[in-house]
Amino acid sequence: MDFVTFNNGVKMPMIGFGTYQMPARITERCVLDALKIGYRHIDTAQCYYNEREVGQAVRNSGLKREEIFVTTKLWGGHGYSDTLNSIENSLQALNIGYIDLFLIHEPTGNFNEIYRAMEEKYYEGKLKSIGVANFLEENFSRLMATAKVTPAVNQIETHVFRQQKNMNQILKNFGTIHESWSPLACGKNNIFTNKILTEIAKNHGKTVAQVALRFLTQQNIPVIPKSTHIERMQENFSITDFSLSVAEMAEIKNLDKGKSLFAWW
């Protein structure tokens, strides 16, 4: 399995399993399926309302805790005190001892103070790594003005149609890992029938989804595709046995539209 190494030495699997919009009633089953396939990174969040079920799957998987990397994210924090409480709530809901990566889900509230609370829990060892999500140029710069712990990760919308080249360079300069959410663009923009991606997929005997994910991981950008179907989970996980050529990478880079498909950030 391929990993990325954070600025604090912690390793995170390159291919994670996303649980966004996954109903709690099926989350444990889906996460257990993913772990059986070989996924070792599970991504959840407070606002997905399935942290408890993710934790149950980790505990019931038969795997050692240290073999599984779990990310969760703070939602709706306002400042220092409520963030400390919020972290404790996530620790209790997951009930897996510690959190491998804890992110601010979006740049709202007093995020400099929110991050200060996260740093405190990081120093205590409750959070093995901390970072952010959906922080683009201006907000990331504001955070870095006061951060004592450089964010390990910035998880941002990244796919073939929004490649975040400028943000990618900024994050590299700080030693922060650029992680992709929605690496398959939620199926938007006719990604699965795109002519260029279809042709490249055919050349490799792969699917468009596999090519779109490989395009990111080949640039050292971790991905967290989500599926509730075991066949798709397997497909999304099977992207390490081929490489895209320089010419193919260049073709895909030309698909970049430079704007969000979701009108969020």
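Asker: How should I be thinking about helix H1 (residues 24-37) in this particular structure?
Answerer: In an α-helix, one turn spans 3.6 residues; hence positions three or four apart end up facing the same way. The end-to-end C-alpha distance of H1 is 20 Å, a good match for the 20 Å that 14 residues give at a rise of 1.5 Å each. Buried residues along H1 sit in contact with strand S3 (17-18), strand S4 (41-43), helix H2 (51-60) and helix H9 (230-237). Positive backbone phi, approximately 135°, marks Gly-38, located one or two places after H1.

Asker: Looking at this model, I keep getting lost on the packing of aromatic side chains. Mind explaining?
Answerer: Two numbers describe a pair of aromatic rings. These are the distance of the centres and the angle of the planes. Enumeration according to the criterion identifies eight aromatic pairs in this entry. Relative to Tyr-39, the ring of Phe-17 has its centre 5.5 Å away and its plane inclined at 65°; by these criteria the two rings are edge-to-face. Of this pair, Phe-17 sits in strand S3 while Tyr-39 sits in the loop between H1 and S4, placing them 22 residues apart in sequence. Comparing Phe-17 with Tyr-39, the two get one shared label, buried. Considering the side-chain rings of Phe-111 and Phe-135, the 5.0 Å spacing of their centres and the 75° angle between planes classify their relative orientation as edge-to-face. Pair noted here: Phe-111 is in helix H4 (residues 111-124) and Phe-135 is in the loop between strand S7 (130-133) and helix H5 (137-144), with a separation of 24 residues, a long-range link. With relative accessibility at 0%, the residue Phe-135 sits in the buried group. One aromatic cluster is present, built from ring pairs that chain together Phe-17, Tyr-39 and Phe-237. Taking the ring centre of Tyr-80 as reference, the NZ or CZ of Arg-116 above it sits at 4.1 Å. In this arrangement the basic side chain of Lys-128 is found over the ring face of Tyr-98, its NZ or CZ atom lying 4.9 Å from the centre.

Asker: Just to check I follow, could you spell out H9 for this structure?
Answerer: Taken residue by residue, H9 has Met-233, Glu-235, Asn-236 and Phe-237 as its buried positions. Where H9 is buried, its residues touch S3, H1 and helix H8 (208-217).

Asker: Would you take a moment to explain unusual backbone geometry for this structure?
Answerer: With the exception of glycine, most residues fall at negative phi, and the peptide bonds are largely trans. For Tyr-49, which is not glycine, the phi torsion reads 55° and is therefore positive. Looking at where Tyr-49 falls in the secondary structure, it is placed in the loop between S4 and H2. In the Ramachandran plot, Asn-190 falls in the positive-phi region, its phi being about 55° despite a non-glycine side chain. Tracing the chain through its elements places Asn-190 in the loop between strand S9 (177-181) and helix H7 (195-204).

Asker: Got a minute to help me understand the pairing of S7 in this structure?
Answerer: Side chains on a regular strand alternate between the two faces of the sheet. What you see with S7 is no split at all: Ile-130 and Val-132 on one side and Gly-131 and Ala-133 on the other are buried throughout. Inspection of the sheet shows strand S6 (residues 101-104) paired to S7 by three bridges, in the parallel sense. Opposite Leu-103, over in S7, you have Gly-131 as the bridge partner. With H4 bridging S6 and the parallel S7, this β-α-β connection has right-handed handedness. Examined bridge by bridge, S7 and strand S8 (residues 153-157) share two bridges and lie parallel to one another.

Asker: Please explain the sheet that holds S3 as it appears in this structure.
Answerer: Hydrogen bonds along the backbone pair up the strands of a sheet, which may run parallel or antiparallel. The parallel open sheet is built from seven strands, whose spatial order is S3-S4-S5-S6-S7-S8-S9. Unpaired on one side and paired on the other, S3 and S9 mark the two borders of the sheet.

Asker: Is there a simple way to explain the pattern of salt bridges in this structure?
Answerer: As a working rule, side chains carrying opposite charge can pair if their charged atoms are close by. The final tally for this structure, using the stated rule, is 11 salt bridges. Between Arg-116 and Glu-113 there is a salt bridge whose closest N-O contact spans 2.8 Å. Of this pair, Arg-116 and Glu-113 are both found in helix H4, three residues apart, which corresponds to roughly one turn of the helix. For the salt bridge of Lys-121 with Glu-124, the shortest nitrogen-to-oxygen distance reads 3.3 Å. Taken together, the positions of Lys-121 and Glu-124, both in helix H4 and three residues apart, correspond to about one turn of that helix. The exposure class assigned to Glu-124 is partly exposed, which follows from its relative accessible area of 46%. Residues participating in the shared-partner salt-bridge network are Glu-88, Lys-121, Glu-124 and Lys-126.

Asker: Explain the packing of H1 against H2 here, please?
Answerer: When two helices pack together, their arrangement is given by the angle between the helix axes and the distance between those axes. Viewed as axis vectors pointing N to C, H1 and H2 meet at an angle of 35°, and their least axial separation amounts to 8 Å. The two elements H1 and H2 meet at a crossing, and its hand is right-handed. Contacts from Ala-24, Thr-27, Glu-28, Val-31, Leu-32 and Leu-35 in H1 reach Glu-53, Val-54, Gln-56, Ala-57 and Asn-60 in H2.

Asker: Help me out: how do you make sense of the environment of Ile-230 in this one?
Answerer: Within the fold, Ile-230 resides in helix H9. With relative accessibility at 38%, the residue Ile-230 sits in the partly exposed group. Remark: the alpha-carbon pair of Ile-230 and Gly-79, spanning 151 residues in sequence, is separated by 40 Å. Here Ile-230 is in contact with Asp-33 and Ile-37, once residues within four sequence places are set aside.

Rules used throughout
- Residues numbered from 1 in each chain as written.
- Predicted model: local features only at pLDDT ≥ 70, side-chain atom pairs only at ≥ 80, totals over all residues.
- Heavy atoms only, no water.
- Helix = DSSP H or I, 4+ residues; strand = E, 2+ residues; numbered from the N terminus.
- Expected span 1.5 Å × (residues − 1).
- Contact = heavy atoms within 4.5 Å.
- Phe/Tyr/Trp six-rings, centres within 6.5 Å; stacked < 30°, edge-to-face > 60°.
- Buried < 20%, exposed > 50% of the residue type's maximum accessible area, 1.4 Å probe, protein only.
- Lys NZ or Arg CZ within 6 Å of the ring centre and 35° of its normal.
- Pairing = 2+ DSSP bridges.
- Right-handed = clockwise from strand over helix to strand, strands pointing away.
- Salt bridge = Lys/Arg side-chain N within 4 Å of Asp/Glu carboxyl O.
- Axes fitted to C-alpha atoms, helices over the stretch in contact; angles between N-to-C directions.
- Left-handed = near helix turned anticlockwise from the far one by under 90°.

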